[in-house]
Amino acid sequence: MSSGLLFLRVCLLTLMTLMAGIAQAEAETPSAADTVSEAEAPKVNAAVELPKMQKVLDKIKQQVSGETNDGKLSALNDLAAELSNAGDTLVQALIPQRAQLQAQLEVLGPAPKAGSGVKETPEVTRQRNTLEAQKARLDDQIKQAEGIKGASNNLAGQIANLRRDALKTQLALNSGTLFGAKFWAPLYAPQQDDVDKISSFSSELMDTFALAWEPDWRYGTLAWLLAAILVATFGRRYTEEFLAWVGIHVLPEGRLRRSFLAAATALATIAAVIIALNCIDLAFTRRDDVSEDVQSFFDRLLQISVICGLIAGLGRALLSTRRPSWRLPAISNEVALTLRPFPPLAALLVFIFQTMEAFNSSVGTSLGTTIFANGLTALLIGATALFISFRSSKVRRKMVEEGHTPEARSTLVGLIQMAITFSGVAILLSLVIGYVTMARFLSYELIWIGLVCGCFYILSNLLTDACESLLSTSNPTGQRIQSSLNIDERHLSQAAALLSAIGRTVLILFAVVSILNGTFGTSTPIELLQRAVEFWGGKGLGALNIVPAHLVNALITLVVGIYILRSVKRWLDKDFLPKTTMDTGMRVSLVTLLSNVGYVMVILLTLSTMGLQWNKLAWIVSALSVGIGFGLQEIVKNFISGLILLTERPVKVGDLVSISGIEGDIRRINVRATEIQLGDKSTVIVPNSQLISQNVRNATMGNAQGVATITLTFPLDIDPVQVRELLLEVYNANERILEQPEPSVSFKDLTATGIILSVTGNVATPRQVAGAKSDLLFEILTRLRSEGVALSSPQTMVIERKNGATVLQEQ
């Protein structure tokens, strides 16, 4: 590292140490016995630290402006991130001081107004002025610290762009064709410097082996080597057999056993490889006399073993040649047996050439030797990829020629094989034309993406099968859950589908993060997990100030808020409001209104918990305003109309209304529309704006009574008084007709067809009119017939021609 970077690192370490001490001092809560006064509490001297931070920021900018080396740019990027954290720590340290000054100012209160007659002592005035000046200075320091933090974040983004451009430049570097003498020069004409470095490091390795083989340490070395052999052979085999026994005898029948066996096979292989390499590492490096370079080399081998174990484990899990019926992917047994040697072969090649790269890195060989190792690695990986693709295609063609039907491949499988073939061709072509760095990048990306996709495939199947099996009522686990929660089987199926979807979404996001932020040879699963935790807990979506950890808090807030809101709504609807004097419509309107307000508050609280900055969403608000002005105006109008209906209550739930030829009972007033139930039990959805803007007949408003009116036509020769008394007797005898006001009979008209009488009576509600009229008509017709009184029948005129003459007849 250059002297400039070292100076910046020392400055930042000093700043971070000071910030950490302040944060720790502020976080400690003293007991009552050792409580100190506020004046004695440790405080940061921002006036001293801010110029130092600004100086460090300017130094980083100067270094970045003239730097092209990726390693130094990476170090500068780390420095910028540390400076941003230091700025944030400083802001967090100054905020409590500002709050303390604000509290002291509130105790003093505002300065008395002139002419108010209130006077204060000069000491109070002087103290207020001093506190206000200190508060203004703290505000400026907080603003400056936030500015340094923002500038550091922007600088880190710019450095990332520079590194990305540098990476493109390195990939486009032509270092000589694979067939050129320059590429093979490290084999037949190595540089003397490389020979000396390799010999020196080889001597260190031999010294390490000699130390491990000394008489006092020899038996321990043999024990560790024997343990490595046993773990790699018998340990892996019996672990896999035990996990298979667990899957068969413990897990429920179904696809879960198959996916569990695949995951168990992969884990057993990975664990065996890692433990075996750890045993080898302990066999040779357990002594304190081992040099630091050798120890770093063996640590690198342990990291390589994780990737190699993952390659071998995923290959054995997906091919499953020992248990073909439990094979997870749809691969024929012939193809699986053909591909069986390739996963361990690929793992071995990767281990050998990664060991070569680790050796070159530890030794510090020349650029030519490094390019040769990279090219040889890319050559073998590309050739292996092509051989795998061609070999599997050849086996499938042979099966077709022999009359056997190969497995039905999906489009995705075909695309994967095509991508492997094209990648192998691209790797070899890059080596031929001299782009060794590009070939190495493509080969490592091919392996890395294959590892990520293989892990995602096994874990997603395991998660889906576990959710479906454990929540199925055909298994004891699902039955216990159903009986404990007393829920329907359909809800269990929905829960299984929902949990499976959430799990697969998390796996997809982790796979995307792994592909974008990691690569083979530079990332281990532990490092990826650490990066995911950093992203989840602190990095986030900086543009909107959204942190994934805050998303979890926001989700919890949303779920808890909705649960509390529904509980309150249920309590109001079932327990509290029925005990008041409010009618049903008023209770429903009040509950609906409070629910709408509650949902708005829950949404706002969720967005606040998420940490969403509204000033970053100004363009969304503007677009929403335009949308409301054009496409959403009807929705907004109906929403406002719904609020008016709930507050003004011209109509309420339970009212009998008539609008636009539709008559029925209001069953529910929603945010956008109102549900009206007709007499045939069908429901009409009416927008709320129509209930506000159109003429609406409310038959039940103000406890209105219903009127049952029947109009009858009688012949001219009847006794009107007799008929009047008969009609009144029928009305008075009906239990639905109210006594007050009394029923009445009106002489409506006298026509050539007869006498028209109208009888009227009131019922309790308009809903009883139809039933009352039906009962009254039945009774009236029965009484009229028993009394010998007939209703007037319509007169018809019939014109006939008889013998050439026209004859008129009335009927």
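Residues numbered from 1 in each chain as written. Predicted model: local features only at pLDDT ≥ 70, side-chain atom pairs only at ≥ 80, totals over all residues. Heavy atoms only, no water.

(A) Looking closely at the packing of helix H9 (residues 292–319) against helix H14 (residues 436–470). Where H9 meets H14, the axes come as close as 10 Å, and the angle between the chain directions of the two elements is 50°. When the axes of H9 and H14 are compared, the pair comes out oblique. Here the hand of the crossing between H9 and H14 comes out left-handed. For the pair formed by H9 and H14, the contact residues are Ile307, Leu310, Ile311, Leu314, Ala317 and Leu318 on the first element and Ile447, Trp448, Leu451, Gly454, Cys455, Tyr457 and Ile458 on the second. (Axes fitted to C-alpha atoms, helices over the stretch in contact; angles between N-to-C directions. Helix = DSSP H or I, 4+ residues; strand = E, 2+ residues; numbered from the N terminus. Parallel < 35°, antiparallel > 145°, perpendicular 65-115°, else oblique. Left-handed = near helix turned anticlockwise from the far one by under 90°. Contact = heavy atoms within 4.5 Å.)

(B) Summary view of the pattern of salt bridges. Evaluation of the coordinates by the stated rule reveals 17 salt bridges. The closest approach of N and O atoms between Arg316 and Glu240, which form a salt bridge, is 3.0 Å. In this pair, Arg316 sits in helix H9 while Glu240 sits in helix H7 (residues 215–249), placing the two residues 76 residues apart along the sequence. A residue is classified by how much of its surface remains accessible, and Arg316, at 26% relative accessible area, is partly exposed. Glu240 sits in the buried class, given a relative accessible area of 3%. With a closest N to O distance of 2.5 Å, Glu468 and Arg255 form a salt bridge. Taken together, the positions of Glu468 in helix H14 and Arg255 in helix H8 (residues 255–285) put the pair 213 residues apart, joining distant regions of the chain. Glu468 gets classed as partly exposed once you look at its relative accessible area, which sits at 40%. (Salt bridge = Lys/Arg side-chain N within 4 Å of Asp/Glu carboxyl O. Buried < 20%, exposed > 50% of the residue type's maximum accessible area, 1.4 Å probe, protein only.)

(C) View of the environment of Ser152. Structurally, the position occupied by Ser152 is in helix H4 (residues 122–171). Of the residues examined, Ser152 reaches a relative accessible area of 0% and is grouped as buried. Expressed as a C-alpha distance, the spacing of Ser152 and Ser84, which sit 68 residues apart in the sequence, is 5.3 Å. Contact partners of Ser152, with chain neighbours within four places excluded, come to Leu57, Ala80, Leu83 and Ser84.

(D) Molecular detail of the sheet that holds strand S3 (residues 673–677). Strand order in the open sheet made by the five strands is S4-S3-S2-S1-S5, with antiparallel pairing throughout. Two strands in the sheet have a free side with no partner beyond their single neighbour: strand S4 (683–687) and strand S5 (697–698). Strand direction decides the pairing type here: strand S2 (residues 662–669) and S3, joined by four bridges, are antiparallel. Bridged to Asp665 within S3 is Gln677. (Pairing = 2+ DSSP bridges.)

(E) Quick peek at the packing of aromatic side chains. Using the criterion set out here, one finds eight aromatic pairs in the structure. Look at Phe201 and Phe297: their rings are 5.6 Å apart centre to centre, the planes differ by 80°, and that puts the pair in the edge-to-face class. Of this pair, Phe201 sits in helix H6 (residues 192–212) while Phe297 sits in helix H9, placing them 96 residues apart in sequence. Given a relative accessible area of 6%, Phe297 falls into the buried group. Both rings, one in Phe209 and one in Phe284, keep their centres 4.8 Å apart while their planes meet at 65°; by these two values the pair is edge-to-face. (Phe/Tyr/Trp six-rings, centres within 6.5 Å; stacked < 30°, edge-to-face > 60°.)

(F) Region of the structure containing the packing of H8 against H9. Between H8 and H9, whose axes approach to 8 Å, the crossing angle comes to 160°. On the basis of their axis angle, the class for H8 and H9 is roughly antiparallel. Helix-helix and strand crossings are classified by hand; for H8 and H9 the assignment is right-handed. In this structure, H8 contributes Ala262, Thr265, Ala266, Thr269, Ile270, Val273, Ile274, Leu277, Asn278, Asp281, Phe284 and Thr285 to the contact, and H9 contributes Gln295, Phe298, Leu302, Ser305, Val306, Gly309, Leu310, Ala312, Gly313, Leu314, Arg316 and Ala317. Within the contact of H8 with H9, the residues separate by chemical class into 14 nonpolar, eight polar and two charged. (Nonpolar A, V, L, I, M, F, W, Y, C, P; charged D, E, K, R; others polar.)

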